[in-house]
Structures are given as structure tokens and as C-alpha cells.
Amino acid sequence: MAEIEEQSVTPWEVKAASNKGVDYDKLIDQFGSNRIDDQLMKRFAKVTGHEPHHLLRRGIFFSHRELDLILDCHEKKEPFFLYTGRGPSSEAMHMGHLIPFIFTKWLQDVFDVPLVVQMTDDEKFLFRGEQGSQSLEDYLRLTYENAKDIIAVGFDMGKTFIFSDVEYIGSSQAFYKNIVKIQKCVTFNQVKGIFGFTDSFNIGQISFPAIQAAPSFSNSFPQIFGEDDTGKTPCLIPCAIDQDPYFRMTRDVAPRLGYPKPALIHSQFFPALQGAQSKMSASDPTSSIFLTDTAEQIKTKINKYAFSGGQSSEEEHRKKGGDCAIDISFQYLRFFLEDDEKLKHIEKDYTSGQMLTGDLKKNLTEILQGIVGQHQVAREKVTDEIIKQYLKPRPLNFKRK
């Protein structure tokens, strides 16, 4: 694969400069976030009483902003909440889309706190509507389709509120008030600098960042935190690091509005089957494993499209071994194989040449067939009535201090 000169990471574009993927150390320096180090991991385990999730242990969730303050809250038994989201751009979500929800579900279980999930159907219409000729109603329908996959992860209904921007903004004065307050704090020059907007962007696109920022503040949800809530309940946002510009803006605005800055925990990107420099696309079924794929489709995609770090012949592979850093099957195992010892064993055998590419792909195929199969069974149980319950503005099981 040809290397490109510079990596680029924005909410709309991710380009790696190497076939090993994005240089995350460089990104931490560029964005000014903090690496999750061993000391913070040990504190996490001590404060929560839980061994860190494998996505944390392996550095897939690798960077943060003030995660230590959230641990302070938990230690003092002070309330906080979780916020994550999904842009509903396609009928079927892929395995990469599942990562933040798997991790957020674990955080919800560990901390026993409320979660709000923003479905940005408005953003998808504003940024993609003209390209796909899809109506706003189409994206609202996709919100409900994607909500099935999110609910199937197993979030506690009593502690989870999923909302469509299109629906919730129209029904919540509190949410809209925060959007307007944020909009007043940010100039056009600032959003141009943060997001790269130009004069050709429509005014909906330019003002959208305020909508993604607003759920960071607890008084956007009076039905959860109380009508008298003043927005002081801290927030932790698990997200991919390309979403960080939204929340750098939010963190700049928060003190001016008298709110706490949201804390963040950032994940690495899930690579396309064709390699870390390729782009995953919901419109290209060969670029990833989708949650609607059959067991046979999963097997075929991995065998046919998963970029290999192995050698060109068995003899050469036995002699030189494979490169796990660029091998997509191994990289996918980092995300989905929970057993650390088994992963180390596979890495050792593949790097030494003892394990062939076909065996590595077989390991991945079996794991993903199991995960996707279980997900499909759980999704089938999500009825329209269950979706309505999750999307209904309502009180949650929230414990005030």
C-alpha cells in the first residue's frame, strides 16, 4: 500500500499516513489530550473494584480528558452521567460501530450511572442529505433502525435514554436553551478553525456543533436530573478520537455557562478489512463485517478481503513470520478476543511463522460469527414497543447525592 504524506483526523475524514494506521502518539500531541497510563489504569481498578476492560488494557481506549476527575466523583459517591452517540447513516451498523457501545455498556455496569445516547439524524441530513438524496424522514427512520442494534447491546432501560435530535429538540425547551447558549458563545471564525468549515457550508452544518455539545450538560435532561438541575452534574463521554473537536469546543464553552467541562475517553479507529489506510464505508459491504451478515458471509469476507501481514508463500512465512501490526485479522482480534493469554499466544505463533494466515483468519471467523450471531438473536427481541420505551423522555434510576 502506498503511504501518504500526512495523516488527517477530523469528524468527517480519517486518513492514515502508514499502513499501520493512525499515529496515535502524534494525535495526542496534536489534540492536547492525555494518554491513559498504567497509573491511571491501576487507580481505575482500585476505585471501581473492577479489572479494566480489555479495550482499556490493550490501549484501544487510549486517551482521555480528565478521566481522573470522574474517578474522584465515583470515589466520593458523587453523581455523574455517561453520554455517547451515533450518526444513523445506514440500515446496518458494522462491527466498528459496536465498539463504543460495548465499552459504554461496561462503563454503565461498572459505575451504575445514567446514560444518554444522541442519535444525530439532523447531522446526517445536513451533511449527507444532498449526496444521498435522502429526506430528513429517512434519517429519522434510520435512528429507529440503529436504535435496535444499540438496545441489543444490553443497556439497562432504567438507566438509558436514547433520543433523536429531530424529535427531542422539538419537545425539550431545556435542551434547546442550552443549544442557543452554546451558539452564542462560539463565533464563525472559531468553528472554521476547529472544523475546517468554509463559506460553502450550509448554515445548518455551521451551527450543528452546538447540538452535539448540548447533551454534555445535565440540565439538557430535566426529566432525568430534575427540573431544578443547574447543569452541575459531571459527564463522561466515550467516543472515537475523531469526535474530540466537538468536545474541545464544548470544554471551552462550559466555564462561560457555569457548567463543568465534560470528561472524555477516546478510542482508536476500527480498521477496514482492506487495511488500516482504507476507509470503512456503510455503502461498501466488503469493507467491514456488518451486524446483518450471515456466518457464511463473515467467513467469505475475512478469507477474501482481510488484509494479511503474512508472507507470499508458506515457506517464506514459516521462515520470516507475519506482521501483526498490519494484519487486519490480528487487529480485529485485539478488539474482540477477550482472553489476553490467547491473544498473546496467537501473536507469538503468527510472528514466529508457526501460525499461518489461514489459521489466524479461522480464529477470527469463529469469534466474529459468535458475536454477530448472538447480537442478531438479541436484536430480534427488540420490538417497536421496547424502542419507544428507550426513546421516551422519562425519569431514570438516577441517584442524587
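Remember, it's a predicted structure, so these values are computed and weren't measured experimentally.

Engineer: Sorry if this is basic, but what is going on with the overall build of the protein here?
Structural biologist: A tally of regular secondary structure across the protein gives 19 helices and nine strands. Computed over the C-alpha atoms, the radius of gyration of the protein is 21 Å, within 12% of the 21 Å expected from 2.2 N^0.38 for a compact globule of 401 residues. In terms of principal-axis extent, the alpha carbons of the protein reach across some 70 × 50 × 45 Å. Looking at the 401 residues of the protein, the share that counts as buried comes to 54%. Carbon together with sulfur atoms contributes 49% to the accessible area of the protein, which is approximately 18,100 Å² in total. Counting 49 positive and 55 negative side-chain charges, the protein places the centres of these two groups 3 Å from one another.

Engineer: Looking at this structure, how should I read the environment of Ser329?
Structural biologist: Within the element layout of this structure, Ser329 appears in helix H16 (residues 328-336). A relative accessible area of 0% means that Ser329 is categorised as buried. Ignoring sequence-local partners within four residues, the contact set of Ser329 consists of Ile302, Ala306, Phe307, Leu360, Lys361 and Leu364.

Engineer: Just checking my understanding: could you explain the state of the cysteines for this structure?
Structural biologist: In total, this model carries zero disulfides according to the counting rule given. Cys73 carries a free sulfur, and the closest cysteine sulfur to it, the one in Cys235, is 11 Å from it. Here Cys73 falls in the buried class, since its relative accessible area comes to 9%. Among the cysteines around Cys185, which has no disulfide bond, Cys235 carries the closest sulfur, lying 18 Å off.

Engineer: Looking at this structure, how should I read the nonpolar core?
Structural biologist: Nonpolar side chains tend to gather and get buried jointly when the protein is soluble and globular. In terms of nonpolar packing, the biggest core is built from 66 residues, with Leu56, Ile289 and Leu368 touching the most fellow members. With nine residues, helix H5 (residues 95-111) is the largest single contributor of residues to this core. Setting aside residues no more than four positions away along its own chain, Leu56 makes contact with Ile36, Met41, Phe44, Phe61, Phe103, Trp106 and Ile265. Of all hydrophobic cores here, the second largest spans 37 residues; its members include Ile179, Phe195, Phe221 and Val253.

Engineer: How should I be thinking about the environment of Arg248 in this particular structure?
Structural biologist: Turning to its location among the elements, Arg248 is positioned in helix H13 (residues 244-257). As for Arg248 and Lys261, which are separated by 13 residues in sequence, their C-alpha atoms are 9.3 Å apart. In contact with Arg248, other than residues within four places in its own chain, are Phe31 and Arg65. Within polar-contact distance, the side chain of Arg248 engages the side chain of Asp244 at 2.7 Å.

Engineer: Is there a simple way to explain the packing of helix H9 (residues 173-185) against H13 in this structure?
Structural biologist: Working note: a packed helix pair is described by the angle between its axes plus the distance between those axes. Contact geometry of H9 with H13 gives a least axis separation of 10 Å together with a crossing angle of 100 degrees. The angle between H9 and H13 places the two elements in the roughly perpendicular class. Contacts from Lys181, Ile182 and Cys185 in H9 reach Met249, Val253, Arg256 and Leu257 in H13. For the contact of H9 with H13, a count of residues per class yields five nonpolar, no polar and two charged.

Calculation rules
- All residue numbers here refer to positions counted from 1 along the written sequence of the relevant chain.
- Local features in this predicted model are restricted to residues of pLDDT 70 or higher, and side-chain atom pairs are both shown and tallied only at a pLDDT of 80 or more, whereas totals for entire chains, interfaces and linings draw on every residue.
- Note that water and hydrogens are dropped before the side-chain values are worked out from all heavy atoms of the structure.
- By the criteria applied, helices consist of DSSP H or I runs no shorter than four residues and strands consist of E runs no shorter than two, each listed in order from the N terminus.
- What the globule rule says is 2.2 Å times the number of residues to the power 0.38, and the radius of gyration is computed from C-alpha atoms.
- Burial status follows relative accessibility: with a 1.4 Å probe on protein chains alone, a residue under 20% of its type maximum counts as buried, one over 50% as exposed, and anything between as partly exposed.
- We get accessible surface area from the Shrake-Rupley algorithm with a probe of 1.4 Å; when it comes to residues, only the shown protein chains can shield them.
- This count recognises Lys and Arg as positive and Asp and Glu as negative, with His and chain-terminal groups excluded.
- Here the site of a charge means atom NZ of a Lys, CZ of an Arg, CG of an Asp or CD of a Glu.
- Contacts: residue pairs with any heavy atoms within 4.5 Å of one another.
- Any two cysteine sulfur atoms lying within 2.5 Å of each other are counted as a disulfide.
- Definition used in this section: a nonpolar core is a set of buried Ala, Val, Leu, Ile, Met, Phe, Trp, Tyr and Cys residues joined via side-chain atoms within 4.5 Å.
- What qualifies as a polar contact is a pair of N or O atoms within 3.5 Å, subject to a donor-acceptor requirement within protein and to the restriction that residues adjacent in sequence count only when both atoms come from side chains.
- Only C-alpha atoms enter the line fits that serve as axes; for helices the fit covers just the stretch in contact. Angles between N-to-C directions range over 0 to 180 degrees.
- Convention used here: angles under 35 degrees read as roughly parallel, angles over 145 as roughly antiparallel, angles from 65 to 115 as roughly perpendicular, and any remaining angle as oblique.
- Polarity classes work like this: nonpolar for Ala, Val, Leu, Ile, Met, Phe, Trp, Tyr, Cys and Pro, charged for Asp, Glu, Lys and Arg, and polar for all others, with Gly in that last group.

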